[in-house]
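Descriptive analysis of the structure
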Amino acid sequence: MRMGWIVVITLNSLIASAQEPSLVDPATLDGRDGHELLLRNFCPKSQLKTESHRIGNAKSPCVDVHTHLHYKLHGNKKALNDFVGLMDRNNIAVCVSLDGKLGDQLIEHRNNLWDLYRDRFVVFAHIDWKGSGTDEDPSTWACHENGFAERTADKIREAAVGGISGLKIFKRFGLGYRNPDGSLMEIDDPRWDPIWSACGELGIPVLIHTADPAAFFERVDESNERWEELNRHPDWSFYGDGFPSRESLLAARNRVIARHPNTNFIGAHLANSSEDLKTVGQWLDRYPNLYVDSASRISELGRQPYTSHQFYVRYSDRVLFGTDGPWPEQRLRYYWRFFETKDESFPYSEKVPPPQGMWAITGIKLPDEVLENLYWKNAAKLIPGVSERVEKYRKREK
């Protein structure tokens, strides 16, 4: 009897010890010599031997319609000079900076770019929803004051006179900004209609980021294909009752697009449905005032190369080139390789492990006429200020 108790106590102690995380040394979980492997240590090297093309620059002059030059360069003149050098090496004629918050920051950012490089950049404004309000108390935010949308529309008109070429809407619109009662502000709230109407009257597009990748709205568990990314950035998860569904957000955005047929909208990141290009195509068929950009989505496009090729050919007059940069030059050149070659199984990012999914991509080799539409012609038709800048760049290059 006494021996039995000794065995039970010993087994319980062993179970407790096995469950004690402090007894597991993460340094040993390297997958070597029969050890288990931590996911964050998994960095496989492909053994495939396939044809490889190193594309040093875009085949035709290019317009990057999706960059964040204020938030990534922070007004640093040397960083800006270096970035323009990168643009020159890669045949990027013009970049669109989306970072001009209406007010003094917009003017400062525009002047920072235009002091030396007016012919290389256009700037989009974005809305100051909070004003002098506090983050913790939405009732103090400017957007909840009577006449906010009308005043914002007037500021956009003033900014357009000053050379601004569009309006950017960030994803917190629908996922972060709140009403005084604590509920999330709705994208299709009629209160904002004067803003969308003003952009249509001015002939400037609205580049709108709504929702996020499908995996960000799913439970973060072993079946989530972006688990590794979401584990590193838990605040990127929008799963649960605290957030609207992804489908409801996209539907609200689409209702705004339908309600304002005279305003052109650019759906950022393939309208945030790059996993479902069939649905994106249906939206493009339904809404002639909708366009999409490629920013930060070759990671998704490149694992469905046949579908992506068909999509870009069919909608060649509705697609825009964007990167979400500035990025390191190595990542930028993966874009040229993706759009211009049939190379198989190559990285979409310079980072190890890759940031958006543990996979490689395959190129889609678009026809020259489709490439030109994607790289610059569609942007030149859609965004004020782009056409004349591309023309100056082309003359300079001759």
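Residues numbered from 1 in each chain as written. Predicted model: local features only at pLDDT ≥ 70, side-chain atom pairs only at ≥ 80, totals over all residues. Heavy atoms only, no water.

By the definition in use, this model includes three cavities of 30 Å³ or more. Computed from the structure, the largest cavity encloses a volume of approximately 70 Å³. In terms of lining residues, the largest cavity is bounded by Ser-296, Arg-297, Ile-298, Ser-299, Thr-323, Trp-327, Arg-331, Tyr-335, Tyr-348, Ser-349, Pro-355 and Gln-356. Of all the secondary-structure elements, those providing two or more residues to the lining of the largest cavity are helix 12 (298-301) and helix 14 (329-340). For the lining of the largest cavity, the residue count by class is five nonpolar, five polar and two charged. Roughly 50 Å³ of volume is contained in the second largest cavity. The set of elements that each furnish at least two residues to the lining of the second largest cavity consists of strand 1 (62-67) and helix 3 (77-90). (1 Å grid on protein atoms, 1.4 Å probe; cavity = no way out; pocket = protein on both sides within 12 Å on 5 of 7 lines; lining within 4 Å. Points joined across faces, edges and corners; volume = space filled by probe spheres on them. Helix = DSSP H or I, 4+ residues; strand = E, 2+ residues; numbered from the N terminus. Nonpolar A, V, L, I, M, F, W, Y, C, P; charged D, E, K, R; others polar.)

Inspection of the entire model under this criterion finds 26 aromatic pairs. Summarising the aromatic geometry, the rings of Trp-129 and Phe-173 are spaced 4.9 Å apart at their centres and angled 10° between planes, so their arrangement reads as stacked. Of this pair, Trp-129 sits in the loop between strand 3 (121-126) and helix 5 (148-161) while Phe-173 sits in helix 6 (residues 172-175), placing them 44 residues apart in sequence. Each member of the pair, Trp-129 as well as Phe-173, carries the same accessibility label: buried. Judged by centre distance (4.9 Å) and plane angle (65°), the ring pair of Phe-338 and Phe-339 falls under edge-to-face. (Phe/Tyr/Trp six-rings, centres within 6.5 Å; stacked < 30°, edge-to-face > 60°. Buried < 20%, exposed > 50% of the residue type's maximum accessible area, 1.4 Å probe, protein only.)

Along its 14 residues, helix 4 (residues 104-117) runs 20 Å from first to last C-alpha, staying within 8% of the 20 Å computed at 1.5 Å per residue. Turning to helix 4, its buried residues are Gln-105, Leu-106, His-109, Arg-110, Asn-112, Leu-113, Trp-114 and Tyr-117. In this structure, the buried side of helix 4 is in contact with helix 2 (69-73), helix 3, strand 2 (92-101), strand 3, helix 5 and helix 16 (386-397). (Expected span 1.5 Å × (residues − 1). Contact = heavy atoms within 4.5 Å.)

Mapped onto the elements of the fold, Thr-152 is located in helix 5. Residue classification places Thr-152 among the buried residues on the basis of a relative accessible area of 4%. In contact with Thr-152, other than residues within four places in its own chain, are Leu-102, Ile-127 and Ile-195.

This brings us to the pattern of salt bridges. Tallied over the entire structure, the rule returns 26 salt bridges. Between Arg-331 and Glu-350 there is a salt bridge whose closest N-O contact spans 2.9 Å. In this pair, Arg-331 sits in helix 14 while Glu-350 sits in the loop between helix 14 and helix 15 (368-382), placing the two residues 19 residues apart along the sequence. Via salt bridges that share partners, Glu-225, Arg-226, Glu-229, Glu-300 and Arg-303 belong to a single interconnected network. (Salt bridge = Lys/Arg side-chain N within 4 Å of Asp/Glu carboxyl O.)

You can see Arg-318 is positioned in the loop between helix 13 (305-314) and strand 8 (319-320). With no salt bridge to any partner, buried Arg-318 finds its closest opposite charge in Asp-317, at an N-O distance of 5.2 Å. A polar contact of 2.8 Å, which involves the side chain of Arg-318, links it to the backbone oxygen of Leu-290. Setting aside residues no more than four positions away along its own chain, Arg-318 makes contact with Leu-284, Tyr-287, Pro-288, Asn-289, Leu-290, Tyr-291, Val-292 and Asn-378. (Lys, Arg positive; Asp, Glu negative; His and termini not counted. Polar contact = N/O pair within 3.5 Å; in protein donor to acceptor, adjacent residues only side chain to side chain.)

The subject of this paragraph is the pairing of strand 4 (residues 166-169). Because side chains alternate across strand 4, one face comprises the buried residues Gly-166 and Lys-168, and the other comprises Leu-167 and Ile-169, equally buried. Where strand 3 meets strand 4, three bridges bridge the pair, whose relative direction is parallel. The residue bridging Phe-124 from the neighbouring strand is Gly-166, located in strand 4. After leaving strand 3, the chain enters helix 5 and then returns to the sheet as strand 4, a path that is right-handed. (Pairing = 2+ DSSP bridges. Right-handed = clockwise from strand over helix to strand, strands pointing away.)

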